[in-house]
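# Fold and geometry: a report
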Amino acid sequence: MKVETTGKEIIKPSSTTPDDLRTLQLSIYDHFLPPIYTVAYLFYTKNELISPEHTSHKLKTSLSETLTKFYPLAGRINGVTVDCNDEGAVFVDARVDNCSLSGFLASPDLNALQQLLPLDAVQNPYEAASTWPLLLVKATYFQCGGMAIGICITHKIADAASMSTFIRTWSADARGEAGNTVMDHKFAAANFYPPANDTYKLPVDEKANKRNSITKRFVFGASKLEELRTKATSPESADRPTRVESVTGLLWKCFVSASSLDTCGRKVLIQLADLRSKLPSLLPESLIGNVIFSSVVLSTAQGEEVKIEEATRDLRKKRDDLQTMIQAEDSSSSMIGSKLANLMLTNYARMSYETHEPYTVSSWCKLPLYEASFGWGYPVWVVGNVAPTFENIAMLIDSKDGHGIEAFVTLPEENMSSLEQNPELLAFASLNPCVLV
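Model, not experiment: these values are computed from the prediction. (Residues numbered from 1 in each chain as written. Predicted model: local features only at pLDDT ≥ 70, side-chain atom pairs only at ≥ 80, totals over all residues. Heavy atoms only, no water.)

## Quick look at the overall build of the protein chain
Applicable threshold: Strands here are runs of E lasting at least two residues and helices are runs of H or I lasting at least four, both read from the DSSP assignment and numbered beginning at the N terminus. Radius of gyration here uses only the C-alpha atoms, and the compact-globule reference equals 2.2 Å multiplied by the residue count raised to the power 0.38. Exposed residues in this analysis have more than 50% of their type's maximum accessible area, buried residues have under 20%, and partly exposed residues fall in between, with area computed by a 1.4 Å probe over protein chains only. What makes two residues a contact is simply this: any of their non-hydrogen atoms within 4.5 Å. Each accessible area value is a Shrake-Rupley result obtained with a 1.4 Å probe; residue values ignore everything except the protein chains displayed when judging cover. The convention is simple: Lys and Arg are positive, Asp and Glu are negative, and His and the chain ends are not counted. A single reference atom marks each charge: NZ on Lys, CZ on Arg, CG on Asp, CD on Glu.
Secondary structure summary: the protein chain contains twelve helices and 18 strands in total. The C-alpha radius of gyration of the protein chain comes to 21 Å, within 12% of the 22 Å expected for a compact globule of 437 residues. With the principal axes as the frame, the protein chain shows a C-alpha extent of 55 × 50 × 40 Å. In the protein chain, buried positions account for 53% of the 437 residues. Counting only contacts in the protein chain whose residues sit at least 6 apart along the sequence, the fraction spanning at least 24 positions is 80%. With the model as given, the accessible surface of the protein chain reaches about 18,800 Å², and the carbon-plus-sulfur share is 50%. Computed over 41 positive and 51 negative side-chain charges, the inter-centroid distance for the protein chain is 2 Å.

Put into structure tokens, the structure is as follows:
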């Protein structure tokens, strides 16, 4: 697939950001995150009534309106704050002449997928994600009339739920229905977690981005997921594990098996938990920022065998323990945030990349991304990830039917060659099947 850029421009907010909103404080959690982008791809089939030129104009005009509500995304990161200076977001137009959308979706090339992101518009993505631009969009038009929208928001100020809220608001603005989805978008993550400062440092993986990693897509259909949930149920548990717990448990077992020849002492699984649903009275769904709790939920020593039912049982216990701890705090959100931040700092300070091999699972399930209609129908395929690519990570996202799960797994090449042949994984998941349109 050859993607050709046809235009690039800077989109500024349609209204000037007021002086009292010109500085946004980053939280300590924002500060710790690597300089990468949270990314989403939205694919749409052909619309006979709207030309690419009209589509592009509508996207740019509505994006300008949306940026008045999401004004920090048009700003620049300056140390531990965002200068909300209306510098603007980057919008790229592109086209594909040698491949149809249906041809691409028949067997999605995940390397080619990267061409549908606008990161080629910046010189150094790592530097850009920690300075400017904080938001980039790429609209790519296929010869057949289908299109893809690639969206990058710096992870320094937006998690997956924030991405979903942004897309929902932007698509409503594009449809002219902004008044029907009134949400109070607050960039107030630093009111929950303590404000960022430069004194704290987390361990750095010196080998990161120096190894050859590869991303593969594994799709768990609805019926196979039900079989997996049954298999993953612990005998002493009264409830079956959730879809996400079951897939996480299976992937963890396969990760450990795929890296069994490595010499690293302990393998650990880090799971990211969105705190909005756990503290709805203090953290509204529309809160923008990294309102996540990151913790080690599973670990295993060299040579230990992982059992799926034990893994899912431990995942459930960790989830319940977090909920209990949060509910026990009869205090403000900032007090709870400080306690959780201290807990994360303490736990991560005990880890070393020389003695621990971390894996991460992040779930985008239940985010309403398939409802993103800009006025020409709903997406036929949605992908969520981070960019530039991060290794030893699995991103889980709902299939279009809302019942299956697609897992986008990134591992070093030698580990992936083992994982993609794992019979236990392939008993429940298909490797990169056709996207059903």
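## Quick notes on the nonpolar core
Inclusion rule: We call a set of buried residues a nonpolar core when its members are Ala, Val, Leu, Ile, Met, Phe, Trp, Tyr or Cys and they connect through side-chain atoms within 4.5 Å of each other.
Ranked by size, the top nonpolar core spans 85 residues in total, and within it Phe43 and Ile149 carry the most contacts. With seven residues, strand S3 (residues 37–44) is the largest single contributor of residues to this core. Counting 35 residues, the second-largest nonpolar core is a separate cluster that includes Phe218, Ile405, Leu411 and Phe428.

## Some details on empty space enclosed by the protein
In plain terms, the rule: In the cavity and pocket records, a cavity denotes points on a 1 Å grid over the protein atoms alone where a 1.4 Å probe fits but cannot get out, a pocket denotes an open set with protein on both sides within 12 Å along at least 5 of 7 lines, and lining residues are residues with an atom within 4 Å of a point. Grid points are joined across faces, edges and corners, and a volume is the space filled by probe spheres set on the points. Each residue is assigned to one class: nonpolar for Ala, Val, Leu, Ile, Met, Phe, Trp, Tyr, Cys and Pro, charged for Asp, Glu, Lys and Arg, and polar for all the others, Gly among them.
With the rule as written, the count across this model stands at one cavity of 30 Å³ or more. Taken together, Leu24, Gln25, Leu26, Asp30, Ile157, Phe187, Ala188, Ala189, Ile288 and Gly289 make up the lining of the largest cavity. Residues belonging to the lining of the largest cavity are distributed by class as follows: seven nonpolar, two polar and one charged.

## Let's talk about the pairing of strand S10 (residues 213–220)
This is how it is decided: Think of it this way: DSSP has to see at least two bridges between two strands before they count as a pair.
Of the strand pairs in this sheet, S10 and strand S17 (residues 405–412) are connected by eight bridges, and their pairing is antiparallel. Its bridge partner being in S17, Phe220 is matched across the sheet by Ile405. As paired elements, S10 and strand S18 (residues 430–431) share two bridges and run antiparallel to each other. Residue pairing in the sheet places Val219 in a bridge with Ser430 of S18.

## Observations regarding the side chain of Ser234
As for its placement among the helices and strands, Ser234 is situated in the loop between helix H7 (222–231) and helix H8 (243–258). Under the relative-accessibility criterion, Ser234 is labelled buried at 5%. If we skip the residues at most four places from it in the chain, Ser234 touches Glu309 and Arg313.

## Considering the layout of surface pockets
Roughly 390 Å³ of volume is contained in the second largest pocket. Lining the second largest pocket are 24 residues; nearest its centre among them are Gln114, Ser213, Thr215, Thr389 and Thr410. When residues of the lining of the second largest pocket are traced back to their parent elements, those giving at least two are S3, helix H4 (110–113), S10, strand S15 (381–387) and S17. Its residues assigned to classes, the lining of the second largest pocket shows 13 nonpolar, nine polar and two charged.

## Things to note about the UniProt feature "coiled-coil region" (unreviewed entry) in the protein chain
Where we set the bar: UniProt positions are given in the numbering used here, feature names are shortened, and annotations may be inferred rather than shown by experiment.
The UniProt record marks residues 301–328 with the feature "coiled-coil region" (unreviewed entry), using the residue numbering of this structure. As annotated, residues 301–328 has a helix share of 75% and a strand share of 4%, and its two end C-alpha atoms lie 32 Å apart.

## Looking at the packing of aromatic side chains
The way to describe two aromatic rings as a pair is by their centre distance and the angle between their planes. Selection rule: Only Phe, Tyr and Trp rings are paired, with Trp represented by its six-membered ring, and only when their centres lie within 6.5 Å; those with planes under 30 degrees apart are stacked, over 60 edge-to-face, the remainder tilted.
For the structure shown, the criterion picks out 16 aromatic pairs. Between Phe374 and Trp376 the ring centres are 5.9 Å apart and the planes differ by 15 degrees, which places this aromatic pair in the stacked class. Here the two residues Phe374 and Trp376 agree in accessibility, since each one is buried. Through a chain of ring-to-ring contacts, the aromatic side chains of Tyr44, Phe70, Tyr71, Phe166, Trp170, Phe187, Phe374 and Trp376 assemble into a single cluster.

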